[in-house]
Amino acid sequence: MGSNLSVMDGQGADGRGRTESTSSNLSVEGGHIRARSPFDPEAEKLDLFKTFLKLEEIDTDLYRSTHQLRGRKSHNRVYGGQVVGQALMAAQATMSEGLHVHSLHSNFLYQADADRPIVYEVSRIRDGRSFCTRLVRARQGGVCVFSTSISYQRDEPDAICHQTPMPTVPTPDECEDIGNFMHRLMNDPSTVSAEGQRAAVAYQQVLDFPRTFQIRFITPREYINVPLDKPMKFACWVKSNTPIGDDKHLHHCVAAFISDVTPVGTPIGAHAARGFKLGMAASLDHSMWIHRHDFRIDTDWLLYETESTVAAGSRALIHGKMWTRDGRMVISSTQEILIRGEKAQEK
């Protein structure tokens, strides 16, 4: 088993599909940051709905991906957020008007091969007046590599209403873009603390920073310099590079696509900053709840805060929340990640 696994597992199907990759890979050699490959500038120009979220209908309730996004350039595993987003696209294709996704619960079963397309099979479990349920299985070579149960609800007015308030954080304009950070890390590493370098390298053992959307860090030093026996947090602003339009469902799919990018770094960053040597990390499951469906993720930013409340048994649990800039909490998520150190991975 290799020492580095991408955060997400994927799936596949018969035939060959086009593969796209993103971002850069880093290593530490002799105490210095080394860049293996630069950012792919073309990745920022890709239209998600013509590439990574595009599906072909090959039969009734059966769909196939056309592009696969590697979690890392140097590995052939599909980015898990893409699999979640595509499964949501497939399920939505079987839905009638007036219903919106409110929850999904996913399991990553096997890693997906980025050189092969993924086939999504949708089962119509329930069609009720207020709620509908779809089960989506993603297959590659006849093997189910991913499954998710997705529930839809017809619009209803609020009966009661409350939420966790959005934390007070710097605005997107006051935060550093991940592209600028990576440029500093590769070209002027003295501007990044030794702890920050170790945290960034550990993250990129698992997942490249995708350039299909924008990420702006919020005071990252505060999040990696926390006591290792306390809950660990991370926060960033996220926004799609692709114009999405007014179809609310497409914004939900892109939010699902993005939701997988930061959870893995939340428990790993602080530990890596203090010397933890990562052997492997892989997503085990992923759930998401959409509380309010009237948000945009292309013309404005969403605040994405993640918190790892516990890590034990080589597994870390991460909770996530997304808010609009005006403070509305629109999404919650949970993810469990398998994390092993170098020595454990060698056994």
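Residues numbered from 1 in each chain as written. Predicted model: local features only at pLDDT ≥ 70, side-chain atom pairs only at ≥ 80, totals over all residues. Heavy atoms only, no water.

## Observations concerning the overall build of the chain
Here's step 1: When helices and strands are tallied, the chain shows 7 helices and 17 strands.
Here's step 2: Counting the 347 residues in the chain, one finds 56% classified as buried.
Here's step 3: A separation threshold of at least 6 residues defines the contact pool for the chain, and within that pool the share at least 24 residues apart is 75%. (Helix = DSSP H or I, 4+ residues; strand = E, 2+ residues; numbered from the N terminus. Buried < 20%, exposed > 50% of the residue type's maximum accessible area, 1.4 Å probe, protein only. Contact = heavy atoms within 4.5 Å.)

## Details of the packing of aromatic side chains
Here's step 1: Taken as a whole, this structure holds 6 aromatic pairs when the rule is applied.
Here's step 2: Here the aromatic rings of phenylalanine 217 and phenylalanine 234 are separated by 5.6 Å at their centres, their planes lie at 80 degrees, and the arrangement is edge-to-face. Residue phenylalanine 217 is found in strand E12 (residues 213-217), and its partner phenylalanine 234 is found in strand E13 (residues 232-240); the two are separated by 17 residues along the sequence.
Here's step 3: Site record: aromatic cluster; members linked through ring pairs are Phe181, Phe217, Tyr223 and Phe234. (Phe/Tyr/Trp six-rings, centres within 6.5 Å; stacked < 30°, edge-to-face > 60°.)

## Observations concerning the packing of helix H1 (residues 80-92) against helix H5 (residues 248-258)
Here's step 1: The N-to-C vectors of H1 and H5 enclose an angle of 155 degrees; their axes lie 7 Å apart at closest approach. When the axis of H1 is compared with that of H5, the two are roughly antiparallel. For H1 against H5, the interelement crossing comes out right-handed. Here Gly81, Gln82, Val84, Gly85, Leu88, Met89 and Gln92 of H1 come into contact with H5, specifically with His249, Leu250, His252, Cys253, Ala256 and Phe257.
Here's step 2: Of the residues belonging to the contact of H1 with H5, the class tally is 7 nonpolar, 6 polar and no charged. (Axes fitted to C-alpha atoms, helices over the stretch in contact; angles between N-to-C directions. Parallel < 35°, antiparallel > 145°, perpendicular 65-115°, else oblique. Left-handed = near helix turned anticlockwise from the far one by under 90°. Nonpolar A, V, L, I, M, F, W, Y, C, P; charged D, E, K, R; others polar.)

## Digging into the side chain of serine 332
Here's step 1: Structurally, the position occupied by serine 332 is in strand E17 (residues 329-341).
Here's step 2: Judged by its relative accessible area of 14%, serine 332 is buried.
Here's step 3: There is a polar contact of 2.6 Å between the side chain of serine 332 and the side chain of histidine 291.
Here's step 4: What serine 332 contacts, discounting residues up to four positions off in sequence, is Ser287, Met288, Trp289, His291 and Gly320. (Polar contact = N/O pair within 3.5 Å; in protein donor to acceptor, adjacent residues only side chain to side chain.)

## Topic: the environment of proline 243
Here's step 1: Structurally, proline 243 can be placed in the loop between E13 and H5.
Here's step 2: Given a relative accessible area of 67%, proline 243 falls into the exposed group.

## Digging into a nonpolar patch on the surface
Here's step 1: On the surface, Leu109, Tyr110 and Val143 cluster together into a nonpolar patch covering about 280 Å² of accessible area.
Here's step 2: Look at tyrosine 110 and you get exposed, because its relative accessible area is 51%. (Patch = residues over 30% accessible without salt bridge, like charges linked within 9 Å, V, L, I, M, F, W, Y side chains within 5 Å. Areas by Shrake-Rupley, 256 points an atom, 1.4 Å probe, with all protein chains shown as cover. Salt bridge = Lys/Arg side-chain N within 4 Å of Asp/Glu carboxyl O.)

## Observations concerning the pairing of strand E14 (residues 278-290)
Here's step 1: Counting buried positions along E14 yields 10 of 13 residues, so the element is predominantly enclosed.
Here's step 2: Pairing geometry for strand E7 (residues 99-108) and E14, over 5 bridges, is antiparallel. Within E14, the position partnered with serine 103 by the bridge is tryptophan 289.
Here's step 3: Pairing geometry for E14 and E17, over 11 bridges, is antiparallel. Bridging across to E17, serine 283 finds its partner in isoleucine 337. (Pairing = 2+ DSSP bridges.)

## Considering the nonpolar core
Here's step 1: Counting 82 residues, the largest nonpolar core has Tyr120, Tyr152 and Ile268 as its most contacted members.
Here's step 2: Apart from residues lying up to four places away in sequence, isoleucine 268 is in contact with Ala202, Val206, Leu278, Ala281 and Ile339. (Core = buried A, V, L, I, M, F, W, Y, C linked by side-chain atoms within 4.5 Å.)

## A few points about helix H2 (residues 178-187)
Here's step 1: When we look at burial in H2, the residues that qualify are Ile178, Gly179, Phe181, Met182, Leu185 and Met186. Buried residues of H2 fall within an arc of 160 degrees about the axis and therefore sit on the same side.
Here's step 2: The distance from a side-chain oxygen at the start of H2 to the backbone nitrogen of glycine 179 is 2.7 Å, and the residue carrying that oxygen is aspartate 177. (Arc of directions from axis to C-beta.)

## Regarding the packing of helix H3 (residues 194-206) against helix H6 (residues 265-273)
Here's step 1: Packing of H3 against H6 brings their axes to within 8 Å, and their N-to-C directions diverge by 135 degrees. The pairing of H3 with H6 is recorded here as oblique in orientation. The chirality of how H3 crosses H6 is right-handed. Of the residues in H6, those in contact with Glu195, Arg198, Ala199, Ala202, Tyr203 and Val206 of H3 are Gly265, Ile268, Gly269, Ala272 and Ala273.

## A few points about the side chain of serine 333
Here's step 1: Positionally, serine 333 belongs in strand E17.
Here's step 2: Of note is the side chain of serine 333, whose polar atom sits 3.4 Å from the side chain of tyrosine 304.
Here's step 3: When near neighbours in sequence (up to four residues on either side) are disregarded, serine 333 contacts Ser287, Met288, Trp289, Tyr304, Ile318, His319 and Gly320.

## Remarks on the confidence of the model for the chain
Here's step 1: On average, residues of the chain score 82 in pLDDT, and 82% of them reach the 70 mark or higher.
Here's step 2: Between residues 1-45, whose pLDDT stays under 50, and residues either more than four places distant or in other chains, the model counts 181 contacts. (pLDDT = per-residue confidence, 0-100.)

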